[in-house]
Amino acid sequence: MLTNTIGCYEASKELNKNPDLWLKDDLGNPVYATRHTENYYYDFRSEEARNLWVKAAIDPVIQTNGGANGIYLDQIDNWNIRGLKACGEDHLTQCEFSAESEEAFNQGIILAVQSLNDKIHELDSENILIGNGLFNYDFNAGNGNPSYDDFADHVDGMCMEHVMAFEGANWQAKEPPFVNVNALKNLVQLKNRLVEKNKFVLVRSFPGPVRNVRMVDGLNTPQLPAAYPYPNPQNNLEVQQAMKDLYAFPLAVYLCAFADEKVLYTYSVWYDVRQSVPCRQDPEECQFPLDFDEFLKMNPGPPLEEAQWEGNVCSRRFTNFGISVNLEDENSATLTF
């Protein structure tokens, strides 16, 4: 997390010992980061608090003795601290912040991220700082892309974690498209802008336009829309089959619209290691397929051209094959050799 501290982190102990560095509302009430424990937010309006936050991120990198080559910084965004209900003895009381206090806090976050970027490159000029992320919640609400506007120039790259899923999906749709096409095209434009700035871009998509998460065989598993023409998997082996049945469209969209220098792709269900690699001895314990050569061994070769667009239809030629895909039609992915 960017702004709060979780009790399992060693860094939380240092912050908890320094109440002058805790975020407090305009009435002096501490803002609690968790409901049932005494954990707090860094007050990014304070240079000392920003420095402590930077130290908390840098120290583990130093301790790896070169084993880590950077930092993945989750949840970079402007924070609506005026909406926080995290004060009082119950940790649920509305906190009192003015618009000026909120602006100062968010400006402090930007300063902290830039300071972290400076420090990570002082350690090694090849280190990188990746910020997560670029979502479509603000875009869908008509508020543009504030995370890009505020942070793109202060990190080495950004992650797009919900491509064609969650806020990028038409969850209530009764018929195609189940993908929020305008939101997807917004991410394509943001990718293009990041590439122009020579930034890294991490693109992550899922097996289908998933959203709500439920447990499947002990693993958190996002679900497909009710009207989607593919059943929600009921066990890990069915999740593996869904990954194989549904990969063509998200991969085609990535190759045609996103693939570029310093752009990297991930296709997975969720965050457990068993959802990113197969279990060779007990396949039913994992959600990643044991035999997925059609995806893992696909080799398009270098692109021969930029994406070509006709409305929402994207086509592009790579060294080993061409690809075409209609963003509104999840059955449209076509390879030509």
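Residues numbered from 1 in each chain as written. Predicted model: local features only at pLDDT ≥ 70, side-chain atom pairs only at ≥ 80, totals over all residues. Heavy atoms only, no water.

## Examining the state of the cysteines
(1) Moving on: Under the defined criterion, the tally for this structure stands at 3 disulfides.
(2) Moving on: Each disulfide pairs two cysteine sulfurs, and for Cys87 the partner residue is Cys95, the sulfurs being separated by 2.1 Å. Where Cys87 bonds to Cys95 through sulfur, the torsion about that S-S bond is close to 110°, and the disulfide is right-handed.
(3) Moving on: The residue that forms a disulfide with Cys279 is Cys286, at a sulfur-sulfur distance of 1.9 Å. The sign of the S-S torsion, about 55°, decides the handedness of the disulfide formed by Cys279 and Cys286: right-handed. In this pair, the class of Cys279 matches that of Cys286, namely buried. (Disulfide = S-S within 2.5 Å. Buried < 20%, exposed > 50% of the residue type's maximum accessible area, 1.4 Å probe, protein only.)

## Concerning the packing of helix α6 (residues 181-196) against helix α8 (residues 248-258)
(1) Moving on: α8 packs onto α6 with a crossing angle of 40° between their chain directions and a minimal axis gap of 10 Å. Judged by the inter-axis angle, α6 sits oblique to α8. Relative to α8, α6 is oriented so that their crossing is right-handed. From α6, Leu184, Leu187, Val188 and Lys191 reach across to α8, where they touch Val253, Ala257 and Phe258.
(2) Moving on: Of the residues belonging to the contact of α6 with α8, the class tally is 6 nonpolar, no polar and 1 charged. (Axes fitted to C-alpha atoms, helices over the stretch in contact; angles between N-to-C directions. Helix = DSSP H or I, 4+ residues; strand = E, 2+ residues; numbered from the N terminus. Parallel < 35°, antiparallel > 145°, perpendicular 65-115°, else oblique. Left-handed = near helix turned anticlockwise from the far one by under 90°. Contact = heavy atoms within 4.5 Å. Nonpolar A, V, L, I, M, F, W, Y, C, P; charged D, E, K, R; others polar.)

## Looking at the nonpolar core
(1) Moving on: The biggest cluster of nonpolar side chains holds 92 residues, and the ones touching the most others in it are Val31, Trp53, Met160, Tyr254 and Phe258.
(2) Moving on: Sorting elements by how many residues they give to this core places α8 first, with 9 residues.
(3) Moving on: If we skip the residues at most four places from it in the chain, Met160 touches Leu134, Leu187, Leu190, Lys191, Leu194, Val201, Leu202, Val203, Arg204 and Phe258. (Core = buried A, V, L, I, M, F, W, Y, C linked by side-chain atoms within 4.5 Å.)

## Observations concerning the packing of aromatic side chains
Each aromatic ring pair is specified by the distance between its two centres and by the angle formed by the two planes.
(1) Moving on: In total, this model carries 20 aromatic pairs according to the counting rule given.
(2) Moving on: Between Tyr42 and Phe44 the ring centres are 6.2 Å apart and the planes differ by 50°, which places this aromatic pair in the tilted class. Phe44 matches Tyr42 in its accessibility class, with the two residues each being buried.
(3) Moving on: With a centroid separation of 5.4 Å and 75° between ring planes, the pair formed by Phe44 and Trp53 is classed as edge-to-face. By the burial criterion, Phe44 is buried, and Trp53 matches it.
(4) Moving on: Clustering of aromatic rings is evident, with ring pairs tying together Tyr247, Tyr267, Phe288, Phe292 and Phe295.
(5) Moving on: Between Arg204 and the ring centre of Tyr271, over which it is positioned, the NZ or CZ distance is 4.8 Å. (Phe/Tyr/Trp six-rings, centres within 6.5 Å; stacked < 30°, edge-to-face > 60°. Lys NZ or Arg CZ within 6 Å of the ring centre and 35° of its normal.)

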